Amino acid sequence: MTGRSMRRAGHGVVVAARLLRGLLAAVILVALLGGLPWALIRFIGWPLPDHLPTLADIEGVLLGPMTTNFLLDFLACLSWVVWALFTVDVARCAIEVARDMRVPGVIAAGPLRHVTGALIGAILIAIVGHRVGHGLTAGTSSSTEVVTTSVVRLVDHEHGSADGIVAARSVVAMAPDPVTGVHDSLWRIAQRTLGDGNRWPEIFDLNRGKRQPNGGVFDRPSLIFPGEEFRLPADATAPPEITPPTTAAPAEQPTPPTPEPPPAEDTSPPRPGASGEAGFRWGEELFVGLGLASAVSAALLIARRRHRRRYRPGSGDRTDLPVAPVVYQLRLAHLRATEDEPNTTYGEPPTASEPPLAQDSTLPVGVRDGREVALDLASVHGLGLIGEGAPAAARALLVAAAATHSGAGVICPVEDADALLGHRTDQSKLPAGVQLVANVEGALDALEAETLARARQTPNAQAEPWPPVLLVARAPERHRQRLQAVLDNGSCFGVTGLLLGQWPAGVTAYVRAEGTVSATNPGPGERLRGMRMFRLGDDHLADLLALLRQTETPDESDRHNTPDELEPGLELRAGQSARDQSDAGLEILRGTADLADPLVPIPSQQRPSPTGNQQDALAPLRATVLGPVRVWWRPRPAQAAESVENEVTSAFQPRVRELLVFLSLHPDGVSREALIAALWPAGPPEKTTNALNTSLSRLRRAIGAATDGALSDVVVTGEGRYRLDPGLVEVDYHRFAAAVAARRAATNQQDRIDANRRAVESYAGPLADGMSTEWIETARESIRRDAIDAVAALARALVDEDPQQTLDLLEIARAFDPHNELIYRDIMRLQERLGQLDAIPRTLTLLTTRLAEVDDQPSPQTVSLAERLQRRHDLQTDAAGHGYSKAG
């Protein structure tokens, strides 16, 4: 027997079986509709009494013993009622079949509806075969895995034309799955008929404005209903018929309805932290990935730059950006993770302004087997979290999306904000990427608008991934169908959801209190089982969101004052308007730090003396910590005039250089506890003591190797304190600190000017430039502000006598603080006063370039000031020329 004949025989058997089922269903239906009333009439008769019962008859029936006739009459009445309901249901199903030519649905129906649907469906299938779309048959079991990608109803419309017959194909939306509750969507229709769910915008464009059988007009891609018909592109094909699998699956853990790609998983282990695991743990509530620690570290540096650039020279303010404990710990974790990178070169400045940001919807979700696991939330159509650890895991994913993805957006309904963001989060001061909307409807409107906007930019799926737009909310009940359609349609455009609650249409994971995923629904989520998810407490979330806001939104306190509202300054001239006075008065003239400096005692190592510099010059070692850390060795220090210096910086390892810098900042000595707290802040006590001893030993070996054994140790230890021997090591910071102390102790203007000059000459750059460690940030900024204050004090003293030298000093201050907008304003004022009008646009351009490094731009007041300075100078020139002509 040939294969064709076998197929024909098999097809004949299928047809015969279908006809037999239909015939049997018809017999049963006829028996129920006609046989049941015939049997009731034939064997029981009329069950009701033939006369109106009296009160005595009723009492006799109720109080007397139950008779067989009474029981039969009661059951006969009940049977007549059931038969009447069944007959009405059959009529409704028949009308539905005649109208739609499809098996009647049985969702949310009673047992009569199931029986009716099964019988009529079998008869209909026996008559018309497989040419009708399948709904739900009585054979569907709640314990059977239901695949919603069943046979699609493709309708052929024949249109006559001059060239012949052209077939236009269309599809009817499916009814929701009764087990999973997954609804049909344009994405799923495109996946079934076009082979690519990302082509759903083509179906939307073909059917926009089309009137549907229910009377409505299709104009929203996220709102489709069962029975609605949609035209398909010309290349649409009917998918092969899928037979339901026989493997059982629990109803609460259904298989995702469409084939989805597996979650993106990072197969290369990340750099481990100090604990050797692919993540950072702090306390009971925080466990995050090292990628988030790196992003937070970069955000902290950017926020510090924004805060510090608004320092007013000469104000004497030493307050720095406050750092929350969780931010500090994540910064330390990042520094520890990058400390021993094999390709890290010491002296390179950290690239904090350009953190590694992802561009798709892949988020790190946790750690399994020592590796960080990432999940593409858009490709799996959303992630639902349930269990006691779900809120903490959702908070960690929220921060990861906002901090590690460039251009990411997070949308959260206000009604869910407290549960997801925590009570400490200031909802009025959120980062620009986190948006609160009134309710779930507003969130869905925003997601749908973003999806359509991205679809219009790229008619087909774009090659480069989109930054994610993440809905963070409780899993809704009322709008579940629309939410599923929005996430389906937005999956190719980075639109996804993070939901608290079950989400059968995507991935659902049960998270225990400690963060372990104990169960998931089958499909892409299976790889998450046994994983330890990242988690974040609500207090930590508030601190991290506050940090992200500081990186995105600059403080507007220096922009609220318009030029008309600025203080007039000290260079008022008769006959000038208020605006001219504010433009002419330098902002550095409003600093009064020198006048407020108290008379403080100068430490012995900082007190200047006639022989101090000579003694320093004779030291065999010279170390510079202002600017890049460098060390020189003087073989013949006694002959200072002919001394030759050999640089020996390479002999000192990075950790040894850090110890050398810390000791250089404390000429009077520092305790062991302070050393350990600064250099090993998170290390266990039993290890930090050994680490300090090891570093001191390495410093001694480096000194011996650098000096060919001439020196063995430069650290003086006594009374539990450590300091550099001033007779052996000359440090540039000591001269700078002595000059600053002398300025504060000066009693007259000339001594103050001399001390400021020495401070400016001694400052060669940021403290330990290129060294990235957390303890140094406060000291580095304090020293930088001391140098800027010294320049501002000299400028205030020389502005009336020598404007050109004042301009040169402000250029030095600009080099010290390249992002300080106030310094650029004063530079432009002096350029206008000196007639250097062509330099004003260049100064404004330079400011624009520098501020772009911290993702900012000049304030409108600064731009307006530059325009007015040039315009006012032109007016004064014209006025002077006009007066000269009159005099002539």
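Summary of the structure given here. By convention here, each chain's residues receive numbers from 1 onward along its written sequence. Local features in this predicted model are restricted to residues of pLDDT 70 or higher, and side-chain atom pairs are both shown and tallied only at a pLDDT of 80 or more, whereas totals for entire chains, interfaces and linings draw on every residue. Working from all heavy atoms in the structure, the side-chain values ignore hydrogens and water.

### Structural notes on the side chain of Arg622
Positionally, Arg622 belongs in strand S18 (residues 621-624). Whenever a nitrogen or oxygen atom comes within 3.5 Å of another N or O atom, the pair is scored as a polar contact, on the condition that within protein one atom can donate a hydrogen and the other can accept it, and that pairs from neighbouring residues in sequence are kept only if both atoms are in side chains. Within polar-contact distance, the side chain of Arg622 engages the side chain of Glu645 at 2.8 Å. What Arg622 contacts, discounting residues up to four positions off in sequence, is Arg630, Val631, Trp632, Arg634, Glu645 and Glu730. To qualify as a helix, a DSSP run of H or I must reach at least 4 residues; to qualify as a strand, a run of E must reach at least 2; elements of each kind are numbered from the N terminus. Contacts are assigned to residue pairs that have any heavy atoms within 4.5 Å of one another.

### Section: the packing of aromatic side chains
Each aromatic pair joins two rings of Phe, Tyr and Trp (for Trp, the six-membered one) with centres within 6.5 Å, and gets the label stacked for planes under 30 degrees apart, edge-to-face for over 60, and tilted for any other angle. Counting across every chain of the model gives six aromatic pairs. Seen from their ring centres, Trp80 and Trp83 are 5.8 Å apart, and the 85 degrees between their planes marks the pair as edge-to-face. Of this pair, Trp80 and Trp83 both sit in helix H3 (residues 68-100), separated by three residues, roughly a single helical turn. We classify Trp80 as partly exposed; its relative accessible area is 26%. Here the term buried applies to any residue with accessible area under 20% of the maximum for its type, exposed to any over 50%, and partly exposed to those in between, with areas from a 1.4 Å probe on protein chains only. By relative accessible area, Trp83 is classed as partly exposed at 22%. Taken together, a centroid distance of 5.3 Å and an interplanar angle of 55 degrees make the contact between Phe287 and Phe534 tilted. Highlighted residues: Phe287 in strand S7 (residues 286-288) and Phe534 in the loop between strand S17 (532-533) and helix H13 (538-552), separated in sequence by 247 residues. Summarising the burial analysis for this pair, Phe287 and Phe534 share the class buried. Just above the ring of Trp632 sits the side chain of Arg622; from NZ or CZ to the centre is 4.2 Å. Two thresholds decide whether a charge sits over a ring: the Lys NZ or Arg CZ must be within 6 Å of the ring centre and within 35 degrees of the ring normal.

### Considering helix H7 (residues 290-308)
An expected span of 1.5 Å times one less than the residue number is assigned to each helix. Over its 19 residues, H7 extends 27 Å from the first C-alpha to the last, a length consistent with the 27 Å expected when each residue adds 1.5 Å. Among the 19 residues that make up H7, 16 are buried, leaving the element largely enclosed by the rest of the structure.

### Some words on the pattern of salt bridges
Any Lys or Arg side-chain nitrogen found within 4 Å of a carboxyl oxygen on Asp or Glu counts as a salt bridge. Inspection of the entire model under this criterion finds 34 salt bridges. Arg318 serves as the salt-bridge partner of Asp789, at 2.8 Å between the closest nitrogen and oxygen. Taken together, the residues span a long stretch of sequence, with Asp789 in helix H22 (residues 776-798) and Arg318 in the loop between H7 and helix H8 (325-339) at a distance of 471 residues. According to the relative accessible area criterion, Arg318 is partly exposed, its value standing at 30%. As a salt-bridge pair, Asp786 and Arg744 come within 3.4 Å of each other at their nearest N and O atoms. Separated by 42 residues along the polypeptide, Asp786 in helix H22 and Arg744 in helix H20 (residues 732-745) bring together distant segments of the chain. Residue Asp786 is classed as buried on the basis of its relative accessible area, which comes to 7%. Through salt bridges that share partners, Arg304, Arg308, Asp320, Arg331, Glu774, Glu777, Arg780, Glu781, Arg784, Arg785 and Asp817 make up one connected network.

### Side note on the sheet that holds strand S9 (residues 371-376)
Strand pairing in a sheet takes place through backbone hydrogen bonds and is either antiparallel or parallel in direction. Two strands form a pair only when DSSP identifies at least two bridges running between them. The antiparallel open sheet is built from three strands, whose spatial order is S9-S8-S17. What marks the edges here is a single partner per strand, and that holds for S9 and S17. Bridge count between strand S8 (residues 362-368) and S17: two bridges; the pairing is antiparallel. Paired with Gly366 across the bridge in S17 is Met533. Think of each axis as a best-fit line through the C-alpha atoms, taken over the contacting stretch in the case of a helix, with angles from 0 to 180 degrees between the N-to-C directions. With respect to the sheet, helix H9 (residues 390-404) is in contact with S8 and S17, its orientation differing from that of S8 by roughly 135 degrees.

### Points about the pairing of S18
Burial along S18 is two-sided: the residues Leu621 and Ala623 and Arg622 and Thr624 are all buried. In this structure, S18 lies alongside strand S19 (residues 630-633), joined through four bridges in antiparallel fashion. Paired with Leu621 across the two strands is Trp633, which belongs to S19. Between S18 and S19, which pair antiparallel one after the other, the connecting turn spans five residues, and Gly627 there sits at a positive phi close to 100 degrees. Of the pairings in the sheet, the one linking S18 to strand S24 (residues 729-731) comprises three bridges and is parallel in character. When the bridges of S24 are listed, Arg622 appears paired with Glu730.

### A short note on the pairing of S19
Pairing geometry for S19 and strand S20 (residues 646-647), over two bridges, is antiparallel. Following the sheet pairing, Trp633 is matched in S20 by Asn646.

### Comments concerning the nonpolar core
Phe652, Val661, Leu675, Tyr733, Phe736 and Leu767 are the most contacted members of the largest nonpolar core, which has 68 residues in total. Take this core: its biggest share by element is nine residues, from H22. In this text, buried Ala, Val, Leu, Ile, Met, Phe, Trp, Tyr and Cys residues form a nonpolar core when linked through side-chain atoms within 4.5 Å. Residues Val367, Val380, Ala402 and Val434 belong to the second largest nonpolar core, which totals 64 residues.

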